[in-house]
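# Close look at the chain arrangement
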Amino acid sequence: MKRGLMIVVSGPAGSGKGTVNGKLLESDEYVYSVSATTRAPRPGEINGINYHFITKEDFKGRIDRGEMLEYTTYCDNYYGTPLKEALAVLESGRNLILEIEVEGAMNVKKLYPEAVLIMLLPPSFAVQEARLRGRGTETEDVILKRLERTREEVPLVDQYDYVVYNRDGGVEICADDIRSIVRAEQCSVRRHKEASKEYFNS
Ligand code: 5GP
């Protein structure tokens, strides 16, 4: 069975990553990588579904034991991708979605050059700010930190494979764009290095 694709979806706060990925996850083809984090749950977030909400001590222990595929600190909290779960999904042939920030994405690219990196962007910084404030889930202090972080994150789009724009009302279009990227990647000759040999020998 072919291994699944490792798909990294990054985007600044308020870009709509969660909503767009939610659309993709309606299909069994995709599995969400549940990260571990030390931040507090937001209203409605469920432990084990949205994140594994753990303490700093627990997180550091997992790093020391080599249990994280990648990790980072973001606005004073740790975030990381559990390694064992990620590999199990890929081995099962399903595509894994890593909804992670840029530093983690760059580490994934080094460790797994076959990963597909997609950056989701709002149409502009001004629209992003309006959406983030409209969400109303963060304090002003957190909003300012996340907007500041955006200035470091977005220039790294150059290191990604694809950019997808989330325009107003465009969630379904973004999900379609990502499905198309995945289809194209699955057909990429880079991923079928033995195509000719297999053709004649099967
Ligand atoms: P939030 O607190 O809004 O859920 O996430 C903050 C940022 O951390 C987002 O950009 C999110 O994509 C990123 N993030 C979530 N999980 C991980 C992870 O496991 N690793 C890394 N590097 N970033 C993550």
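These numbers were taken from a predicted model, which means no experiment stands behind them.

Analysis parameters
- Residues numbered from 1 in each chain as written.
- Predicted model: local features only at pLDDT ≥ 70, side-chain atom pairs only at ≥ 80, totals over all residues.
- Heavy atoms only, no water.
- Pairing = 2+ DSSP bridges.
- Helix = DSSP H or I, 4+ residues; strand = E, 2+ residues; numbered from the N terminus.
- Axes fitted to C-alpha atoms, helices over the stretch in contact; angles between N-to-C directions.
- Contact = heavy atoms within 4.5 Å.
- Buried < 20%, exposed > 50% of the residue type's maximum accessible area, 1.4 Å probe, protein only.
- Arc of directions from axis to C-beta.
- Core = buried A, V, L, I, M, F, W, Y, C linked by side-chain atoms within 4.5 Å.

## Focus: the sheet that holds strand β7 (residues 95-98)
Across the sheet, which stays open at both edges, the five strands sit in the order β2-β7-β1-β8-β9 with parallel pairing between neighbours. Taken across any chain shown, the strands that pair with only one partner, and hence form the sheet edges, are β2 (30-32) and β9 (162-165). Between one strand axis and the next, the sheet turns through 30° on average, direction left out of account. Along the sheet face, helix α3 (residues 83-91) touches β1 (6-10), β2 and β7 and points at about 145° away from the line of β7.

## Observations concerning α3
Taken as a whole, α3 has its buried residues at A86, V89 and L90. On an axial view of α3, the arc spanned by its buried residues comes to 100°, and they lie on one face. Turning to α3, the residues buried within the fold contact β1, β2, β5 (68-74), β6 (77-82) and β7. After α3 finishes, the residue G93 shows a positive phi value of roughly 90°.

## Concerning the nonpolar core
Within the largest apolar cluster, 20 residues are counted, with the highest numbers of intra-cluster contacts made by M6, V8, L96, L98, V108, L117 and Y160. Mapped by element, the contributors of at least two residues to this core are β1, α3, β7, α4 (102-111) and β8 (116-121). Element by element, the count of residues in this core is highest for α4, at four residues. Sequence-distant contacts of L96, that is, excluding residues within four places in its chain, are made with L5, M6, I7, V31, Y32, S33, A86, V89 and L90. Among the nonpolar cores identified, the runner-up in size contains 16 residues, and V20, L24, Y30 and V164 belong to it.

## Concerning unusual backbone geometry
The phi angle at C75 is positive, at roughly 45°, despite the residue not being glycine. Despite not being glycine, D76 has its phi angle at roughly 75°, a positive value. Inspection of the secondary structure puts D76 in the loop between β5 and β6. D76 gets classed as exposed once you look at its relative accessible area, which sits at 54%.

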